[in-house]
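# Understanding the architecture of this molecule
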Amino acid sequence: MPDAVLREGALSGTRIAVLVESDYYEPEIFYYQHRFAEEGAEVDFLTRLWGNDSITFTGHEYRAPFTVNRSLEGLSDEELRRYAAIVVPSGMVADRLRYTEDVDVLAPATELLRRAFEEPTVLKGIICHGMWLASSIPGKIRGRKVVCHNNLIGDVRNMGGEYVDEDVVVDGDLVTGRTGAHHHLFARRIIELVSAGRGRGTVPRPPLGGAP
């Protein structure tokens, strides 16, 4: 039987960032680790390292370890624009990352997300309780069509977002997913959008629709 001909990955030449902290949802994070790479993307897992070279986090379901050695702090605008997409996952990741010592200053992860919203070439992916990370920057969600976990519908409406009862919702450069259990549908939509040019980092692409 002849060898199968493998097509070039849909995400070949792109980079995707996934934020991580403890109490992450293991099936989701491990899926992103392999699925995006399968399509040819370079996948970076970012966190707040608190001065450490690396931190090993534990998952929510099985206490599985996951070591991260890339910091989300100090990322320059140029480095940020190299990412085709930034993913805020489900679980308690966003709640842990939105902690700030000074309540009048955005947490580093929230500040990174705010900056990402200023970059239309970077696709923003937020799923389930990941919407918590955007709670301190409501202007970035105001007027946008989004879905989230049922527990966060009040948060989304308080931010001025338009809740849509679908598993995955796309509004321009923002992709949202209902729950961590929908991570496969969420990831597939990100792959489709990036491969279509809606998130090629600094590579030029057509203007996006949706709210500014």
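Just so you know, the residues in each chain are numbered from 1, in the order the chain's sequence is written. It should be noted that, the model being predicted, local features are given only for residues of pLDDT at least 70 and side-chain atom pairs only at 80 or more, the latter also being counted only at that level, while totals for whole chains, interfaces and linings use all residues. With hydrogens and water excluded, all non-hydrogen atoms of the structure serve as input to the side-chain values.

### Here we look at unusual backbone geometry
The phi angle at tryptophan 50 is positive, at roughly 55°, despite the residue not being glycine. A run of H or I in DSSP becomes a helix once it reaches four residues, and a run of E becomes a strand once it reaches two; helices and strands are each numbered from the N terminus. Within the element layout of this structure, tryptophan 50 appears in the loop between strand S2 (42-47) and strand S3 (55-58). One non-glycine residue, cysteine 128, lies in positive phi territory at about 60°. Burial classes follow relative accessibility: with a 1.4 Å probe on protein chains only, a residue under 20% of its type's maximum area counts as buried, one over 50% as exposed, and anything between as partly exposed. Using a relative accessible area of 5% as the deciding quantity, one classes cysteine 128 as buried.

### With respect to helix H1 (residues 26-38)
For a helix, the expected span equals 1.5 Å multiplied by the number of residues minus one. Here H1 is 13 residues long and its end C-alpha atoms lie 18 Å apart, about the 18 Å a rise of 1.5 Å per residue gives. Among all positions of H1, only Glu26, Glu28, Ile29, Tyr32 and Phe36 are buried. Check the buried side of H1 and you find it contacts strand S1 (15-19), S2, strand S4 (65-68), strand S6 (85-88), strand S7 (123-127) and helix H6 (183-195). Looking at the residues trailing H1, positive phi occurs at glycine 40, about 100°. Here, two residues are considered to be in contact whenever any of their heavy atoms come within 4.5 Å of each other.

### Digging into the sheet that holds S2
Only when DSSP finds a minimum of two bridges between them are two strands counted as paired. Spatially, the seven strands line up as an open sheet ordered S5-S2-S1-S6-S7-S11-S10, and their pairing is mixed. Only two strands of the sheet have a single partner each, and these edge strands are strand S5 (70-71) and strand S10 (168-171). Two strands pair when backbone bridges link them, and S2 and S5 are joined in this way by two bridges, in the parallel orientation. Directly across from threonine 47, in S5, lies its bridge partner serine 71.

### Structural notes on the confidence of the model for the protein
Scored by pLDDT, the protein comes out at a mean of 92, with 89% of its residues at no less than 70. Between residues 202-212, whose pLDDT stays under 50, and residues either more than four places distant or in other chains, the model counts 21 contacts. Across the chain, each position has a pLDDT score giving the predictor's confidence in that residue, from 0 to 100.

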